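Observations on chain architecture
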Amino acid sequence: MVSAETPPIRGEEDSLAATARTADESSFTELVEHHRHELRVHCYRMLGSFEESEDLVQETFLRAWRGREGFQGRSTFRAWLYRIATNACLDFLDRFPRHPRPRQEPMMADPAMAVPPAEVSWLQPYPDRLLDPITPDDAGPATALIAKETIELAFLAAIQHLPPRQRAVLILRDVLGWSAPETAALLEVSVASVKSTLQRARPVMREHLPPRRLEWAPSADPSGAERALLQRYIDAVEQADPSILAALLREDAWQTMPPAPIWLAGREAIVAAWTPAMIGPEAWGDWRLLPTWANRQPAAAAYLRRPGEPAYLPSWLAVLRVEGDLVAEITTYGHGLFPAFGLPPAL
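Residues numbered from 1 in each chain as written. Predicted model: local features only at pLDDT ≥ 70, side-chain atom pairs only at ≥ 80, totals over all residues. Heavy atoms only, no water.

Quick look at the overall build of the chain now. In terms of regular secondary structure, the chain is built from twelve helices and seven strands. Taking all 347 residues of the chain together, 50% fall into the buried category. Pairs at least 24 apart in sequence give 67% of the contacts found in the chain among residues at least 6 apart. Carbon and sulfur atoms form 54% of the exposed surface of the chain, whose accessible area is close to 15,900 Å². (Helix = DSSP H or I, 4+ residues; strand = E, 2+ residues; numbered from the N terminus. Buried < 20%, exposed > 50% of the residue type's maximum accessible area, 1.4 Å probe, protein only. Contact = heavy atoms within 4.5 Å. Areas by Shrake-Rupley, 256 points an atom, 1.4 Å probe, with all protein chains shown as cover.)

Excluding glycine, residues mostly have negative phi values, and the peptide bonds linking residues are mostly trans. With an omega of 5 degrees, the peptide bond between P258 and P259 qualifies as cis. Tracing the backbone shows P259 in the loop between β2 (249-256) and β3 (263-265). Phi at E188 takes a positive value of approximately 55 degrees, unusual for a residue other than glycine. Here E188 lies in the loop between α8 (180-187) and α9 (191-208). Using a relative accessible area of 62% as the deciding quantity, one classes E188 as exposed. The backbone phi angle of A240 is positive, close to 50 degrees, even though this residue is not glycine. If you trace the backbone, A240 turns up in the loop between α10 (224-238) and α11 (242-248). Since its relative accessible area comes to 22%, A240 is described here as partly exposed.

Do not read the predicted coordinates in detail wherever pLDDT is low. Averaged over every residue, the pLDDT of the chain is 87; the share at 70 or more is 88%. Low pLDDT, under 50, characterises residues 135-141; the stretch is placed with eight contacts to residues that sit more than four places away or in other chains. (pLDDT = per-residue confidence, 0-100.)

See below:
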């Protein structure tokens, strides 16, 4: 992992500290805006919600502005902002505690299918187009921040099982690569406390991650196989062909639809549930899907033209988790985040 901060050039940090303390609001905004993208991802990991991460970044910048005179340059400006953002998230989670819940009975399930992990109903996808501006090259300290294995939905769901402070320690130490002393200073606890907290957090993470996760491709760039599989998924829906859908799913695939407590377990169940929406007297209408990417995973934005309507209107967003050359999991969301993905309001 990447170190939280390289040793600063003392004069530069002193100068930055002085600038931060004396800057007017416009100049201070320019200073903090440079860190917006990575702080938003940090808040997203802490909270699991894209919309709430936007709000917490704004709260971070407001707290930074109000407390700017307290920045003395003893750490880097970036580390100071991370401290404020982490504490803002911890305060939010103290006020609005939430916990993963055991899943209710599935809408449909294949025989002998295991129950998927506990439901994290507040988890939202993160548009890849907002990850890309974080770092212009592969050498910056934010590189680890957007690594596929630490931004995928499975990782985000697993980390939500940790208590907030354990979550903060694991993110700082195992994702961002902060040292134990740096993490202890940020959280205002002892180094021993950081180490023991991390020891408790790691087994919980392993317990809630998919069993074959280490076999997935770690690249942040979509592979040719992922692109091809996404196109097959789009073809299945647009052509209203359940046989194409069945051919691209693992036998033990499952689908969830947060925040609704609805899930489908197994390839046969998924195909059976979607077939009436595709073909027959109950078919919803004609579909058009646009490819997109969320959390470094292939995704598709669906637009539906119902019978008698002139336009295709936003319907849902599906994020695919791929294992090998098949889809292992589909997470389907409503169309509320279409604007964040830069998707059109109609087709």
